[in-house]
Amino acid sequence: WDVLLWKGQHELVDKMRADLEREVSFCQDELLGSDVRCLQEEHDHLVGRTDELEARRPVLAEEVRELGGMARAQEAAIAEQAGVVADLRREAAAEVQRAKDGIAEVERTLASSQAASQAAEQQSAERQAALRRTLAGVEAEATARRRE
């Protein structure tokens, strides 16, 4: 009897162990299946996104080329404008220098003219004084003759 009881319990344990292993296996399959499904969905989403990005790559590459060309053109235009501005600055500086030189020449000419004018005034004053002396002498001589 004990042997039969022991044998029955042993068979029951084996059956329960097999049921438990089947249930664990089923749960693992179920969990792994849901994980696999989630991972598969994520993979499908990422593959779709990769395909979208790959499809946009040529368009974006063309846009990058176009923008690069535009940037180079703008840089060239800016460099050209900088050259024009530098030329204008040089021309303006030369014009300013010519104007300064002209002003200096005018100032020298004015100073020379003023000196000549002063010299002429001086000569005129001296000539006028000489003429007055001569006139005074002539008048004195005329007065002396009239008295005679």
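Refer to the structure printed above.
What counts and how
- Residues numbered from 1 in each chain as written.
- Predicted model: local features only at pLDDT ≥ 70, side-chain atom pairs only at ≥ 80, totals over all residues.
- Heavy atoms only, no water.
- Helix = DSSP H or I, 4+ residues; strand = E, 2+ residues; numbered from the N terminus.
- Rg over C-alpha atoms; globule rule 2.2 N^0.38 Å.
- Buried < 20%, exposed > 50% of the residue type's maximum accessible area, 1.4 Å probe, protein only.
- Areas by Shrake-Rupley, 256 points an atom, 1.4 Å probe, with all protein chains shown as cover.
- Salt bridge = Lys/Arg side-chain N within 4 Å of Asp/Glu carboxyl O.

(A) Up close: the overall build of the chain. Counting its regular elements, the chain contains one helix and zero strands. In summary, the chain has a C-alpha radius of gyration of 60 Å against a globular reference of 15 Å for 148 residues, an excess of more than 25%. In terms of overall dimensions, the chain has a C-alpha envelope of 205 × 40 × 15 Å along the principal axes. Across the 148 residues of the chain, 1% fall into the buried class. In the form shown here, the chain has an accessible surface area of approximately 13400 Å², with 59% of it arising from carbon and sulfur atoms.

(B) The arrangement of the pattern of salt bridges in detail. Taken as a whole and assessed by the stated rule, the structure comprises nine salt bridges. A salt bridge links Arg22 to Asp19; the nearest nitrogen and oxygen atoms lie 2.0 Å apart. Taken as a pair, Arg22 and Asp19 lie in helix H1 (residues 2-147) at a separation of three residues, close to a single helical turn. We note a salt bridge from Glu54 to Arg57, for which the minimum N-O separation is 2.8 Å. Here the residue Glu54 and the residue Arg57 both occupy positions in helix H1, the gap between them amounting to three residues, near one helical turn. Glu54 gets classed as partly exposed once you look at its relative accessible area, which sits at 40%. Residue Arg57 is classed as exposed on the basis of its relative accessible area, which comes to 51%.

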